[in-house]
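Spelled out from the first residue to the last, the chains are:
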Amino acid sequence: ENHRNKGKQTDSEREINFSVIGQYVDYLVKEQGVKNIFVNGTTGEGLSLSISERRQVAEEWVTKGKDKLDQVVIHVGALSLKESQELAQHAAEIGADGIAVIAPFFLKPWTKDILINFLKEVAAAAPALPFYYYHIPALTGVKIRAEELLDGIQDKIPTFRGLKFSDTDLLDFGQCVDQNRQQQFAFLFGVDEQLLSALVMGATGAVGSTYNYLGKKTNQMLEAFERKDLSLALNYQFCIQRFINFVVKLGFGVSQTKAIMTLVSGIPMGPPRLPLQKASREFTDSAEAKLKSLDFLSFADLKDGSLEASS
Ligand SMILES: CC(=O)N[C@@H]([C@@H](O)[C@H](O)[C@H](O)CO)[C@@H](O)CC(=O)C(=O)O
């Protein structure tokens, strides 16, 4: 299963290229100002990887991020509670900074209490690690409101430290913040095109796919917000929205994100794994033109061979 550095053609198409992770850490820190990483989530196709691959990816990020990254949080959600616990324990062993879990999405928890019980069992496998609930109802189909879930959650899960909220329901998000003011929870927003609205609601941070290549722009928005320069912050958000709106119309998902990451960083992300399909050349060309027209990408930013890798 470990095809690391064997260099066969099929490996690069089908297997994880662990060797670029170290390079990618440097890229994110230096070029994008991103120092916190969420590993094996949606963009990382965590649920399409084997348990052994997930362990290896997590290890590589923690090892290569040492003394460079502030926090590496590992997503350990799985359909099998046992696998999730194994991954949680592994995250603790390798020195990750936290774990996050999505709701199981095949046989689903139908009530808040059942979901809490599942999460509690995973959290207990890594009792020293901060625990985050990853709320992404559009993908899991589990629509239990985050605000309800958070009510009294620390009594059940003492390591609970926050929420990664990947949904557009700002009523739910706002109420998560409003009802937990006494706690020091992290409220991490996951819909990049709406981040400014979530900041107004009290988001304490963000986790998202576009920060791989729009990290610098988003940091400028965060700084403007911090300085209370709302009109400048809104300018940045609208700029980001123009790009996301453009690619959404072309069909935007994890595969397309990977193609853009390759294009902008020059580091080959490889194709996605089935059932995802590689982004088309037309998509990548259009996205590139849009990035340039929005001044998100200059010719100088394009690294040699970047188009090669995504073609
Ligand atoms: C459904 C989805 O992929 N959502 C993204 C967003 O960053 C999303 O790509 C972005 O807001 C553009 O719509 C993140 O919430 C997912 C994420 O952070 C992850 O990779 O775990």
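For the structure itself, look to the data block above.
Residues numbered from 1 in each chain as written. Predicted model: local features only at pLDDT ≥ 70, side-chain atom pairs only at ≥ 80, totals over all residues. Heavy atoms only, no water.

This part covers the site of the ligand. In the vicinity of the ligand, 15 residues are found, and the nearest of them are T43, Y134, K164, G190 and E193. Within the backbone of T42, a nitrogen or oxygen atom sits 2.9 Å from an oxygen atom of the ligand. Here an oxygen atom of the ligand and a side-chain polar atom of S166 are 2.8 Å apart. Compared with its free state, where it exposes 500 Å², the ligand has 81% of that area covered by protein. Looking at the shell around the ligand residue by residue, the class counts come to five nonpolar, seven polar and three charged. (Near = heavy atom within 4 Å. Polar contact = N/O pair within 3.5 Å; in protein donor to acceptor, adjacent residues only side chain to side chain. Areas by Shrake-Rupley, 256 points an atom, 1.4 Å probe, with all protein chains shown as cover. Nonpolar A, V, L, I, M, F, W, Y, C, P; charged D, E, K, R; others polar.)

Below, the discussion takes up the nonpolar core. Side chains of a nonpolar character, in soluble globular proteins, are inclined to be buried together. In this structure, W61, I74, L119, F243, I260 and L291 are the most contacted members of the largest nonpolar core, which totals 84 residues. Here this core takes seven residues from helix 12 (residues 230-250), the largest share from any one element. In terms of domain composition, this core takes at least three residues from each of domain 1 (20-208) and domain 2 (214-296). Apart from the residues within four sequence positions on either side, W61 is in contact with I21, Y24, V25, L28, I37, V39, L69 and V72. Membership of the second largest hydrophobic core comes to six residues, among which are V73, A100, Y132 and A186. (Core = buried A, V, L, I, M, F, W, Y, C linked by side-chain atoms within 4.5 Å. Buried < 20%, exposed > 50% of the residue type's maximum accessible area, 1.4 Å probe, protein only. Helix = DSSP H or I, 4+ residues; strand = E, 2+ residues; numbered from the N terminus. Domains from an automatic or database assignment. Contact = heavy atoms within 4.5 Å.)

Along the polypeptide, L69 turns up in the loop between helix 3 (51-65) and strand 2 (71-75). A C-alpha to C-alpha distance of 32 Å links L69 and R145, two positions 76 residues apart in sequence. Beyond its immediate chain neighbours, meaning those up to four positions away, L69 contacts V25, V29, V34, K35, I37 and W61.

Over its 13 residues, helix 4 (residues 81-93) extends 18 Å from the first C-alpha to the last, a length consistent with the 18 Å expected when each residue adds 1.5 Å. Among all positions of helix 4, only S84, L87, A88, H90 and A91 are buried. All buried residues of helix 4 project into a common sector of 165° when viewed along the axis, lining one side. Across from the buried face of helix 4, at angles greater than 90 degrees, the exposed residues are K82 and E93. Two residues or fewer after helix 4 comes G95, characterised by a positive phi angle close to 85°. (Expected span 1.5 Å × (residues − 1). Arc of directions from axis to C-beta.)

For a regular strand, side chains alternate in direction, first toward one face of the sheet and then toward the other. Burial of the side chains of strand 1 (residues 36-39) is restricted to one face: I37 and V39 are buried, whereas none of N36 and F38 on the reverse face is. Pairing between strand 1 and strand 2: four bridges, direction parallel. Bridging across to strand 2, I37 finds its partner in V72. (Pairing = 2+ DSSP bridges.)

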